[in-house]
Amino acid sequence: MICMNILYTGTQYGSSGNFKFTFEKPILLVKGLNKIALLSVTVGFANYGAFFDLQPAGVTGPVQLIANVNGVITTKDLSNQQWNYMVGLVGEQKKYYTGSVDSLPWNPHERGYSRKFTWFIANFNSPVVNESIVLDMAGLGKGHAWVNGNSIGRYWPSYLATADGCKESCDYRGSYSPNKCNSNCGASTQRWYHVPRSFLSNNGNNTLILFEEFGGDPSSVLPMTQDQRKAFTN
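So, a few notes on the structure that sits alongside this text. In this text, all values refer to a predicted model and were calculated from it rather than measured experimentally. (Residues numbered from 1 in each chain as written. Predicted model: local features only at pLDDT ≥ 70, side-chain atom pairs only at ≥ 80, totals over all residues. Heavy atoms only, no water.)

1. As for the environment of Leu135
With respect to the helices and strands, the residue Leu135 is situated in strand β7 (residues 133–136). For Leu135, a relative accessible area of 1% puts it in the buried group. For the pair formed by Leu135 and His194, sequence separation is 59 residues and the distance between their alpha carbons is 6.6 Å. Once residues lying within four places of it in the same chain are set aside, the contact partners of Leu135 are Val147, Ile152, Arg191, Trp192, Tyr193, Val195, Leu208, Val221, Leu222 and Pro223. (Helix = DSSP H or I, 4+ residues; strand = E, 2+ residues; numbered from the N terminus. Buried < 20%, exposed > 50% of the residue type's maximum accessible area, 1.4 Å probe, protein only. Contact = heavy atoms within 4.5 Å.)

Structural data, given as structure tokens:
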């Protein structure tokens, strides 16, 4: 993620097997001092191949300004500028995810309105049945979720499966192929998130904390039992 003079510029991420990429976006500079901010998040590492343990992560550079003036390309390398850095997020350091955040200036959320890099909090009642529940995270972008201070992992429902490859009929007979009987083409690859019963409060009152990176509407998040989910998806 890149911000220029506090304004969001853009985000890009590598794909499976292609961790290195070049990120270029047009920016607007002001006269005088300009500030550029880069946020790098490591979601995963290479896990196979020769010397996979030496694969770099994060911003490996260079960081350059490229200008096109009347067809003449000029480049200014910012790699050797004076940079400052901070590890992690203020909300992580202050443990917003624990739910003990009554003193924080939480603002009411407007349904249908999404914000990037924002913490969200909501309370929900768990089902009275003695079973775990799932959270329907459709409508969110990418981020991290906690229930009663317990991490249920990172979510990324905006990452969609390939839109083609599904067929109306399904027949497993014949030679094996990993593309046989594909389903949910074009749908979210990470929609349902399991919440262990041990994470839930005995009195039914629970706190859900979300840290949303890409921008999504948290009002669409829905807790349900496993049986309700099966009925919902059938």
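2. Observations concerning a nonpolar patch on the surface
The grouping of Leu38, Val59 and Trp83 at the surface amounts to a nonpolar patch, some 250 Å² of accessible area in total. For Trp83, the position within the fold is in the loop between β5 (72–77) and α1 (90–93). (Patch = residues over 30% accessible without salt bridge, like charges linked within 9 Å, V, L, I, M, F, W, Y side chains within 5 Å. Areas by Shrake-Rupley, 256 points an atom, 1.4 Å probe, with all protein chains shown as cover. Salt bridge = Lys/Arg side-chain N within 4 Å of Asp/Glu carboxyl O.)

3. Points about the nonpolar core
With 16 residues, the main nonpolar core has Leu135, Met137, Val147 and Leu210 as its most contacted residues. Of all the secondary-structure elements, those providing two or more residues to this core are β6 (118–125), β7, β8 (143–147), β9 (150–155), β10 (192–195) and β11 (205–212). Here Val147 is in contact with Phe124, Leu135, Ile152, Val195, Phe199, Leu200, Thr207 and Leu208, once residues within four sequence places are set aside. (Core = buried A, V, L, I, M, F, W, Y, C linked by side-chain atoms within 4.5 Å.)

4. Digging into the pattern of salt bridges
Two side chains that carry opposite charge are able to pair once their charged atoms sit near each other. Going through the model one piece at a time under the given rule, you end up with four salt bridges. Residue Lys142 pairs with Glu213 through a salt bridge whose shortest N-O separation is 2.7 Å. Of this pair, Lys142 sits in the loop between β7 and β8 while Glu213 sits in the loop between β11 and β12 (222–225), placing them 71 residues apart in sequence. Residue class for Lys142 comes out buried when judged on its relative accessible area of 4%. Its salt-bridge partner being Arg154, residue Glu213 comes within 2.5 Å of it at the nearest N-O pair. You can see Glu213 sitting in the loop between β11 and β12 and its partner Arg154 sitting in strand β9, a full 59 residues away along the chain.

5. Observations concerning the environment of Leu78
Within the fold, Leu78 resides in the loop between β5 and α1. Residue Leu78 is classed as buried on the basis of its relative accessible area of 10%. Between the C-alpha atom of Leu78 and that of Val63, which follows or precedes it by 15 residues, the distance is 5.4 Å. Those residues in contact with Leu78 that sit more than four places away from it in its chain are Val63, Gln64, Leu65 and Trp83.

6. Here's the deal with unusual backbone geometry
Non-glycine residue Lys95 carries a positive phi angle of around 55°. Relative to the assigned elements, Lys95 resides in the loop between α1 and β6.

7. Describing the sheet that holds β10
Taken in spatial order, the three strands line up as β10-β7-β12 in an open sheet, and their pairing is antiparallel. Every other strand in the sheet has two partners, leaving β10 and β12 as the edge strands with one partner each. The average undirected angle you get between the axes of adjacent strands in this sheet is 30°. As paired elements, β7 and β10 share four bridges and run antiparallel to each other. Paired with Leu135 across the strands is Tyr193, a residue of β10. (Pairing = 2+ DSSP bridges. Axes fitted to C-alpha atoms, helices over the stretch in contact; angles between N-to-C directions.)

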